[in-house]
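Breakdown of the fold
As a plain string of letters, each chain reads:
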Amino acid sequence: MKVSALLIAASMASASAFVPSTQSTHSSTQLNESLFKKVSNLDLWAPVADSNDYGARGKKNLKTGKLTDKSYIPSGLTKAQYEKIRGDATAKKAANYERNVKKAGIFMDYTDFYKARGSDENGSWMKLPNLGHRMAKTKYDWSGDDDKPNWTGVGNIKKMKGKK
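A brief look at the structure comes next. (Residues numbered from 1 in each chain as written. Predicted model: local features only at pLDDT ≥ 70, side-chain atom pairs only at ≥ 80, totals over all residues. Heavy atoms only, no water.)

**Focus: the pattern of salt bridges**
Selection criterion: By convention in these notes, a salt bridge is any Lys or Arg side-chain nitrogen within 4 Å of a carboxyl oxygen on Asp or Glu. Per the convention used, a helix needs a DSSP run of H or I reaching at least four residues, while a strand needs a run of E reaching at least two, with both numbered from the N terminus.
Enumeration over the complete set of coordinates arrives at 2 salt bridges. Put simply, K84 and D88 hold a salt bridge, and the shortest N to O gap is 3.0 Å. In this pair, K84 and D88 both sit in helix α3 (residues 79–103), 4 residues apart, roughly one turn of the helix.

**What to know about the layout of surface pockets**
Summary: where empty space remains is shown by rolling a probe the size of a single water molecule over the atoms. Counted only if it meets this: Buried and open spaces are told apart on a 1 Å grid over the protein atoms alone, a cavity being a set of points where a 1.4 Å probe fits but cannot get out and a pocket being an open set with protein on both sides within 12 Å along at least five of seven lines. Residues with an atom within 4 Å of a point are the lining residues. Grid points are joined across faces, edges and corners, and a volume is the space filled by probe spheres set on the points. For this scheme, ten residues count as nonpolar: Ala, Val, Leu, Ile, Met, Phe, Trp, Tyr, Cys and Pro. Four count as charged, namely Asp, Glu, Lys and Arg, and the remainder, Gly too, count as polar.
The calculated volume of the largest pocket comes to roughly 260 Å³. Lining the largest pocket we find R57, G58, L62, K63, T64, T90, K93, A94, Y97 and E98. Split into classes, the residues belonging to the lining of the largest pocket amount to 3 nonpolar, 3 polar and 4 charged.

**So, the side chain of S51**
For clarity, the threshold we go by: Distance and chemistry together define a polar contact, namely a pair of N or O atoms within 3.5 Å, with one atom able to donate a hydrogen and the other to accept it when in protein, and with adjacent residues in sequence counting only for side-chain atoms on both sides. Whether two residues touch is decided by their heavy atoms; if any such pair falls within 4.5 Å, the residues are in contact.
You can see S51 is positioned in the loop between α2 (35–40) and α3. A polar atom in the side chain of S51 sits 3.1 Å from the backbone oxygen of V48. Apart from residues no more than four positions distant in its own chain, S51 is found in contact with W45, A56 and K60.

In structure tokens, the structure reads:
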């Protein structure tokens, strides 16, 4: 009897080791805001919000690297000549970018174009040569044959007619 009581007490002690303990403090798994709101509010670009705006290159610290003794310098040039070439290229690139930044965001209002074409009054714009379209400029004036470049073959045909 003592053995059986001891065996029951031992099995109860070992079984109670696997029962989860109850805690007096209650921890909540509820979020203060929804998971979607928490993720969507993660704005990693907040400190530099305008870094990708057009024209923001001027605010960044971009520069051409300095030439050292181990830098590549093309044969036939001195270090000073090569630095001048690289500096000129950088200045040209910056000037081109600034020229394009000045043109950014300048658009033609479609309503103004529509009224200037006469679309709001009648269909007379359909009788125009380009049906009211604005044509892009080309490198050459293709309206006549005299000013076409030689590679078109037009000038050569005139010369060949007299040869036979």
